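Take a look at the letters that make up each chain.
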Amino acid sequence: MLRSVDYSTGSAHSPPSWLVKYVLPARGLGMLYGESSAGKTFLAIHTSLCVAWGVPFFGRKTKRGGVLYIAAEGGSSVLPRIESAEKALGIAADNLTGPCDPSICRAPIRIVTEAPNLSRDGDPMRLIQTIRKAAADFERQGSRLALVVVDTWHAALGGADENSAADAGHALKPLKDAVEEFRLCTLILHHPGKGAERGARGSSSLLAAVDTSIELHVPGCVGQGAKTADMTRRATVIKQRDGSVGDALHYRLRIVTIGNDEDGDPWTTCTVQWCEPPEDSTEGLRDNDRMLLEAVSASLADACGERAKLGTVRLRFFNSLGAGRTDDAQRQAWSRALKAARKAGRVAIGNDDEIWIPSPIEQA
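Residues numbered from 1 in each chain as written. Predicted model: local features only at pLDDT ≥ 70, side-chain atom pairs only at ≥ 80, totals over all residues. Heavy atoms only, no water.

Peer 1: Any chance you could explain the overall build of the protein chain here in plain terms?
Peer 2: A tally of regular secondary structure across the protein chain gives eleven helices and 14 strands. In the protein chain, buried positions account for 47% of the 364 residues. Of the contacts made within the protein chain by residues no fewer than 6 positions apart, 66% connect residues no fewer than 24 positions apart. Counting only carbon and sulfur atoms, one obtains 49% of the accessible surface of the protein chain, whose full area is about 18,900 Å². (Helix = DSSP H or I, 4+ residues; strand = E, 2+ residues; numbered from the N terminus. Buried < 20%, exposed > 50% of the residue type's maximum accessible area, 1.4 Å probe, protein only. Contact = heavy atoms within 4.5 Å. Areas by Shrake-Rupley, 256 points an atom, 1.4 Å probe, with all protein chains shown as cover.)

Below, the structure written as structure tokens:
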């Protein structure tokens, strides 16, 4: 028998609970995707440490808890990255709580340096057993397992077909089971499809299954172009089952020296450094032109990062114009704004009446 509840008007309901306020749910599946070298792992490590320390994440409240970081792609190479990130974050934690020993002030962090195999030929029970053991060990230390990070989805699939809904569903099952059994958050790191504006790679069943989806983008640099540390990164919440979308976090990477390699040359890594968002690209635009871009952006967010329907954007634009204009005046305003935006390369329209904001390569 399936679980059911009776509904009655006025019955008490609980608001959503957050691990990272408005970013990651306390209980659910999350996905962070972005191109290679965009800085996914650095952001995931920073998130993990903010949760373990219980310190704000880009100014957003966190719930303190233990972290299980599954380094399926990087293995033990994430260890010096975590150590460097903890040193950088420790300064902020000291400012908030006073100087303390990280082993006491933060919840435990455990790193899995072996990739799980979540394919049909693999053994997902090994992952479940690993999560259960970490949860039990953390509880004995007076903490609770709050976050499981899978870095990356492709490496954890063990050769399964990313484009297969059946393979994705099979691989997701142990992660969903962990969410239900331990009431935690699982964050999957993934890559985008062809073209940074086309959403996460592989089967759409993955996006459908997650509660939260965060797109990581380096404005002005897509594809195989070099993404230097000083470039601004933008992480945007494009899906939130129990919250609003569009929340954007901006940061750069700060290069830090770990030590020296065997030749005596500097051995470096990066840490996350919050920064102000870049200047508003709509500055100087006329009101109608700005309203058009806002309507496109809102419609893309509702479509979870995919192309938006032209009709949906048009209705949003008409609503922004407000009352007092005739239908003909609305259509003229829409036509002029759309023509100007297309001419300037700020939007693109496909043959199937879909509209999107082109990437820098498409604009060139």
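Peer 1: Teacher, can you tell me more about the pairing of strand S3 (residues 28-34) here?
Peer 2: The two faces of the sheet receive side chains in turn, since in a regular strand these alternate between them. Buried residues dominate S3, accounting for seven of its seven residues. With burial as the criterion, each face of S3 is covered, one bearing Gly28, Gly30, Leu32 and Gly34 and the other bearing Leu29, Met31 and Tyr33. With six bridges connecting them, S3 and strand S7 (residues 185-190) associate as parallel partners. If you follow glycine 30 over to S7, its bridge partner there is leucine 187. (Pairing = 2+ DSSP bridges.)

Peer 1: Looking at this structure, I do not really get the sheet that holds strand S12 (residues 308-309). What am I missing?
Peer 2: Neighbouring strands of a sheet are bound in pairs by backbone hydrogen bonds; such pairs are parallel or else antiparallel. Ordered by their spatial adjacency, three strands build an open sheet running S12-S14-S13, and the pairing between neighbours is antiparallel. Here the strands that pair on one side only, and so sit at the sheet edges, are S12 and strand S13 (348-349). Summarising the sheet, S13 and strand S14 (residues 354-356) pair through two bridges and their orientation is antiparallel. Residue pairing for S14: isoleucine 349 is matched across the bridge by isoleucine 355.

Peer 1: So what exactly am I meant to see when it comes to the pattern of salt bridges here?
Peer 2: Pairs may arise between side chains of opposite charge once their charged atoms sit close together. In total, this model carries 14 salt bridges according to the counting rule given. One salt bridge connects arginine 201 with glutamate 162, and the closest N-O pair in it is separated by 2.7 Å. Of this pair, arginine 201 sits in the loop between S7 and helix H7 (204-209) while glutamate 162 sits in the loop between helix H5 (153-156) and helix H6 (165-182); the two residues are 39 residues apart in sequence, bridging distant segments of the chain. Judged by its relative accessible area of 11%, glutamate 162 falls in the buried class. Residues joined by salt bridges that share partners form a network here, namely Arg110, Lys133, Asp137 and Arg140. (Salt bridge = Lys/Arg side-chain N within 4 Å of Asp/Glu carboxyl O.)

Peer 1: It is not clear to me how the packing of helix H8 (residues 287-302) against helix H10 (residues 327-343) should be interpreted in this structure. Could you clarify?
Peer 2: Contact geometry of H8 with H10 gives a least axis separation of 9 Å together with a crossing angle of 75°. In terms of axis orientation, H8 runs roughly perpendicular to H10. On H10, the residues touching Asn288, Asp289 and Leu292 of H8 are Ala333, Trp334, Ala337, Leu338, Ala340 and Ala341. (Axes fitted to C-alpha atoms, helices over the stretch in contact; angles between N-to-C directions. Parallel < 35°, antiparallel > 145°, perpendicular 65-115°, else oblique.)

Peer 1: Sorry, what's going on with H10 here?
Peer 2: With 17 residues, H10 should cover 24 Å at 1.5 Å per step; its first-to-last C-alpha distance of 24 Å lies within 8% of that length. For H10, the set of buried residues is Gln330, Ala333, Trp334, Ala337, Leu338 and Ala341. In an axial view of H10, the angular spread of the buried residues amounts to 125°, which keeps them on one side of the axis. Of the exposed residues in H10, the ones pointing more than 90 degrees away from its buried face are Arg336, Lys339 and Lys343. (Expected span 1.5 Å × (residues − 1). Arc of directions from axis to C-beta.)

Peer 1: Explain the packing of aromatic side chains to me, please; I cannot follow it from the model alone.
Peer 2: Under the counting rule described, the total for this entry stands at five aromatic pairs. A ring pair is formed by phenylalanine 57 and phenylalanine 58, whose centres lie 4.7 Å apart and whose planes are at 70°; its orientation type is edge-to-face. The pair phenylalanine 57 / phenylalanine 58 is uniform in exposure class, with both members buried. Among the aromatic residues, those joined into a cluster by ring pairs are Phe57, Phe58 and Tyr251. (Phe/Tyr/Trp six-rings, centres within 6.5 Å; stacked < 30°, edge-to-face > 60°.)

Peer 1: Sorry, what's going on with the packing of H8 against helix H9 (residues 310-321) here?
Peer 2: With their axes 9 Å apart at the nearest point, H8 and H9 run at an angle of 135° to one another. One finds that H8 runs oblique with respect to H9. Judged by the sense of rotation from one axis to the other, the crossing of H8 with H9 is right-handed. Each of Asn288, Met291, Leu292, Ala295, Val296, Ala298, Ser299 and Asp302 in H8 lies in contact with H9, whose residues at this interface are Thr312, Val313, Arg316, Phe317, Ser320 and Leu321. (Left-handed = near helix turned anticlockwise from the far one by under 90°.)

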